[in-house]
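Remarks on the overall topology
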Amino acid sequence: GAAHMAASWVASESLAVDASGEVLDLTVRSFGILRATELPHVEVEVVDSDAEPVNGSDAVLAAVALAVWRAQGLPARWPSGVALRS
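Just so it is clear, the structure is predicted and the values come from calculations on it, not from any experiment.

What counts as what
Residues numbered from 1 in each chain as written. Predicted model: local features only at pLDDT ≥ 70, side-chain atom pairs only at ≥ 80, totals over all residues. Heavy atoms only, no water. Helix = DSSP H or I, 4+ residues; strand = E, 2+ residues; numbered from the N terminus. Rg over C-alpha atoms; globule rule 2.2 N^0.38 Å. Buried < 20%, exposed > 50% of the residue type's maximum accessible area, 1.4 Å probe, protein only. Patch = residues over 30% accessible without salt bridge, like charges linked within 9 Å, V, L, I, M, F, W, Y side chains within 5 Å. Areas by Shrake-Rupley, 256 points an atom, 1.4 Å probe, with all protein chains shown as cover. Salt bridge = Lys/Arg side-chain N within 4 Å of Asp/Glu carboxyl O.

**Quick word on the overall build of the chain**
Secondary structure summary: the chain contains 2 helices and 0 strands in total. The C-alpha radius of gyration of the chain comes to 15 Å, more than 25% above the 12 Å expected for a compact globule of 86 residues. In terms of its C-alpha atoms, the chain occupies a principal-axis envelope of roughly 50 × 35 × 25 Å. For the chain, the proportion of its 86 residues judged to be buried stands at 15%.

**Thoughts on a nonpolar patch on the surface**
Residues L15, V17, V23 and L26 make up a contiguous nonpolar surface patch of about 350 Å² in total accessible area. With a relative accessible area of 63%, L26 lands in the exposed category.

See the structure below:
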């Protein structure tokens, strides 16, 4: 679930708003969430470590988001229009 959420967030999710910031559409399909069939194959490997435990889903979300962003060539904006670099 975290891998799907991250890939979708980076690759295609957005929220349409008008000039005043009012949301135009709140249907699930309007958000641009990837369909399960559009998600590339993802493998998650759990590695033993002596470090402090972390929330697994948070770690997977961060790792997959970075991997997809890098695969896209580190674009300055994601589909949501969020600026990633100044």
